[in-house]
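The chain contents come next:
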Amino acid sequence: MSNKPSLALVGATGAVGTVMISIINARENIWGEIRLIASKRSAGKKLTVHGQELTVVELSAEAFDGIDIAMFDVPDEISELWAPIAVERGAVVVDNSAAFRMNDQVPLVVPEVNPEQTKNRPLGIISNPNCTTLTMMAALGALHRKWTLTELVVASYQAVSGAGAVGIEQLQKETAAVAKDSNSGLESDNVSHAIKASGLNLTDSPWPVPIALNVIPMAGSLKDGGHSSEELKVRNESRKILGIPNLKVAASCVRVPVQVSHSLAVHATFLKPLTVAEVHKELEAQPTVVLMDDPANGVYPTPAFVAGQDPTFVGRVRQALDFDNSIDMFVVGDNLRKGAALNTYEIAELVAKEF
């Protein structure tokens, strides 16, 4: 009988779950048992984890029996219902949905920033932040520890995969339609014409306008005051993760025609003076941050380069010209890896050390 903790992955066959399995396979096997859980439709599928063929089991209360840690990569409503059931069955839940993020009794954890919070879980649940917030946290957390963050202005350029598999499919279909239509030029009407001519229906799209050859100045759903849900997540989650409840935050979240990797233009103001050279040194010291900052030679992070990689990539670091103690930088991270699956798994690894 192994004394290693047992791990369950709920949502094992989904987009993030698939990435999660690749991450599990790439890292040391610290688990006594790994159990894959999914919907009834996916139950019975066989997936290989650490060289062992595992059969996906259907989500049920009994599926959590004997499980120490359960990672949830499922929609909010599924987590809301099933995470407490998993806890009742004895598991610590690490949840990747938005269901519990702003619950005062549920820690919101980024291992590079606030790993100690994993033990502060009165409900037995730990939340993984939104992928947009997560993209900048490893870098911002390091700078905050040294110079004390006071204000944050962020513009995000979010990949379509942030809207799920349907987002990727929509971009692929629209791009193919535009490429096929010889009449489509640079005008937006021609892009729309190409999409309509192909038989695509925007009523099936996550967005009301084309995403191909376009940017959409709205990510998430519309909330009070004209802010989007993604923008409010950036504000509220940054405050909670960094432990700065009154942090001033302004965010504009934009959807761009990129499949994977979110990019953020970050303007950060600190209590203490800092220089670009000092920021470079601090970021280079972070094990999960890669500095790519030589714009004169075309070296800076882009979504295409970052996709499929685990670290946070930072470039275009410069001192703000008209704002004291302020740094501007461009941050890119794979939203399916560090933005979702990887951070969730890293939290599970932290909890595993308790067993």
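Residues numbered from 1 in each chain as written. Predicted model: local features only at pLDDT ≥ 70, side-chain atom pairs only at ≥ 80, totals over all residues. Heavy atoms only, no water.

Draft legend 1. Looking closely at the pattern of salt bridges. Per the counting criterion, the structure on display carries 11 salt bridges. Put simply, R89 and D65 hold a salt bridge, and the shortest N to O gap is 2.9 Å. With R89 in the loop between α2 (76-88) and β7 (92-95) and D65 in the loop between β5 (57-58) and β6 (69-72), the pair connects residues that are 24 residues apart, well separated along the chain. Classification of D65 by relative accessible area gives partly exposed; the value is 34%. What you see here is one network of salt bridges that share partners, running through E62, D65 and R89. (Salt bridge = Lys/Arg side-chain N within 4 Å of Asp/Glu carboxyl O. Helix = DSSP H or I, 4+ residues; strand = E, 2+ residues; numbered from the N terminus. Buried < 20%, exposed > 50% of the residue type's maximum accessible area, 1.4 Å probe, protein only.)

Draft legend 2. Here's a closer look at unusual backbone geometry. Despite not being glycine, L213 has its phi angle at roughly 50°, a positive value. Residue placement: L213 occurs in the loop between α5 (188-197) and α6 (229-242).

Draft legend 3. Region of the structure containing the packing of helix α3 (residues 131-147) against helix α7 (residues 276-284). The interhelical angle for the contact between α3 and α7, taken along N-to-C directions, is 120°, at an axis separation of 10 Å. Our classification of the angle between α3 and α7 gives oblique. The crossing of α3 and α7 is right-handed. Residue-level contacts link A139, A142, L143, K146 and W147 of α3 to E278, V279, E282 and L283 of α7. (Axes fitted to C-alpha atoms, helices over the stretch in contact; angles between N-to-C directions. Parallel < 35°, antiparallel > 145°, perpendicular 65-115°, else oblique. Left-handed = near helix turned anticlockwise from the far one by under 90°. Contact = heavy atoms within 4.5 Å.)

Draft legend 4. Quick peek at the nonpolar core. Core analysis: the largest hydrophobic core is formed by 36 residues, its most contacted members being M136, L152 and M329. Looking at this core, the elements that each hand over two or more residues are α3, β9 (149-158), α6, β10 (248-255), β11 (262-270), α7, β13 (312-319) and β14 (326-333). In terms of residue count, the dominant contributor to this core is α3 (eight residues). Aside from chain neighbours lying at most four places away, what touches L152 is M136, L140, S238, L247, K248, V249, A250, V266, H267 and A268. (Core = buried A, V, L, I, M, F, W, Y, C linked by side-chain atoms within 4.5 Å.)

Draft legend 5. Structural detail: the pairing of strand β4 (residues 52-55). Alignment of strand β3 (residues 46-49) against β4, held across four bridges, turns out to be antiparallel. Pairing of K46 across the sheet is with T55, part of β4. Where β3 hands over to β4, the hairpin turn is made up of two residues, of which H50 adopts a positive phi near 50°. (Pairing = 2+ DSSP bridges.)

Draft legend 6. Structural detail: the state of the cysteines. Within the structure shown, the criterion is met by zero disulfides. Left unpaired, C131 is separated from the closest cysteine sulfur, that of C253, by 9.5 Å. The class of C131 is buried, set by a relative accessible area of 13%. (Disulfide = S-S within 2.5 Å.)

Draft legend 7. Focus on the environment of P311. With respect to the helices and strands, P311 occurs in the loop between α8 (303-306) and β13. Taking the C-alpha atoms as reference points, P311 and D76, 235 residues apart in sequence, are found 26 Å from one another. Not counting residues within four places of it along the chain, the set of residues in contact with P311 comprises T288, V290 and V332.

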